[in-house]
Amino acid sequence: MAECRSCGAPIKWIKTTAGRSMPCDAEGRTYKENPNGAAVIVTESGNVVRADIDVDGKQATGVGYISHFATCPNASKHRRR
Ligand SMILES: [Zn+2]
């Protein structure tokens with residue numbers, strides 16, 4: 001498993017359908033697709049969707065991964081690089 005170069009958190013690289021590799025939090029989260037949702041989820045197959053996360057299992061669209069850029073405590077360093 002990979003880890004983030006700035007904060008050391010375990011991350012998972014997922015290749016999106018756009019052909020870019022995205023670093024995501026290694027832990028999967030249940031999500032429900034929502035165009036106005038607060039989170040951006042990358043699914044196992046590389047689709048990037050806007051969603052609500054940590055929803056009730058009954059309502060969930062599936063399990064996806066949050067972009068690590070959204071959760072990294074050192075994200076500002078990523079952006080400057
Ligand atoms: Zn990080």
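## Looking at the overall build of the protein chain
Item 1. Within the protein chain, the regular secondary structure consists of two helices and seven strands.
Item 2. In sequence order, the secondary structure elements of the protein chain are arranged as β-β-β-β-β-β-β-α-α.
Item 3. In terms of overall size, the protein chain behaves like a compact globule, its C-alpha atoms giving a radius of gyration of 13 Å where 81 residues would be expected to give roughly 12 Å.
Item 4. Overall, the protein chain is about 40 × 25 × 25 Å in size when its C-alpha atoms are taken along their principal axes.
Item 5. Looking at the protein chain residue by residue over its 81 residues, the buried ones come to 33%.
Item 6. Restricting the contact set of the protein chain to residue pairs at least 6 apart, pairs at least 24 apart contribute 47%.
Item 7. Distance between charge centroids for the protein chain: 10 Å, based on 12 positive and 8 negative side chains.

## Observations regarding unusual backbone geometry
Item 1. Although it is not a glycine, Asp 54 adopts a positive phi angle of roughly 55 degrees.
Item 2. Its relative accessible area of 47% is what places Asp 54 among the partly exposed residues.

## Quick look at the coordination of the zinc ion
For a metal with four donors in a tetrahedral arrangement, the ideal angle between donors is 109.5 degrees, while six donors in an octahedron ideally sit at 90 or 180 degrees.
Item 1. Summarising the metal site, the zinc ion is bound by the protein donors Cys 4 (SG), Cys 7 (SG), His 68 (NE2) and Cys 72 (SG), whose distances to it range over 2.1 to 2.4 Å.
Item 2. Coordination at the zinc ion is tetrahedral, judged from the four donor atoms that bind it and the angles of 101 to 123 degrees they form at the metal.
Item 3. Each donor residue of the zinc ion lies on the same chain, and together they follow the pattern C-x2-C-x60-H-x3-C.
Item 4. By relative accessible area, Cys 4 is classed as buried at 4%.

## Details of the pairing of strand β2 (residues 10-15)
Item 1. Relative to β2, strand β1 (residues 2-3) runs antiparallel, the two being bridged by two bridges. Note on β2: the bridge partner recorded for Ala 2 is Ile 11.
Item 2. A loop of six residues connects β1 with β2, the two strands running antiparallel in sequence, and Gly 8 in this loop sits at a positive phi of about 80 degrees.
Item 3. Pairing of β2 with strand β3 (residues 21-25), which is carried by five bridges, proceeds in the antiparallel orientation. By the bridge assignment, Lys 15 is partnered in β3 with Ser 21.
Item 4. Connecting the antiparallel pair β2 and β3 is a turn made up of five residues, with Gly 19 showing a positive phi of about 90 degrees.

Thresholds applied
Residues numbered from 1 in each chain as written. Predicted model: local features only at pLDDT ≥ 70, side-chain atom pairs only at ≥ 80, totals over all residues. Heavy atoms only, no water. Helix = DSSP H or I, 4+ residues; strand = E, 2+ residues; numbered from the N terminus. Rg over C-alpha atoms; globule rule 2.2 N^0.38 Å. Buried < 20%, exposed > 50% of the residue type's maximum accessible area, 1.4 Å probe, protein only. Contact = heavy atoms within 4.5 Å. Lys, Arg positive; Asp, Glu negative; His and termini not counted. Charge placed at Lys NZ, Arg CZ, Asp CG, Glu CD. Donors = N, O, S within 2.8 Å, 3.2 Å for Na, K, Ca; no water. Tetrahedral: all angles 85-135°; square planar, octahedral: opposite > 155°, others 65-115°. Pairing = 2+ DSSP bridges.

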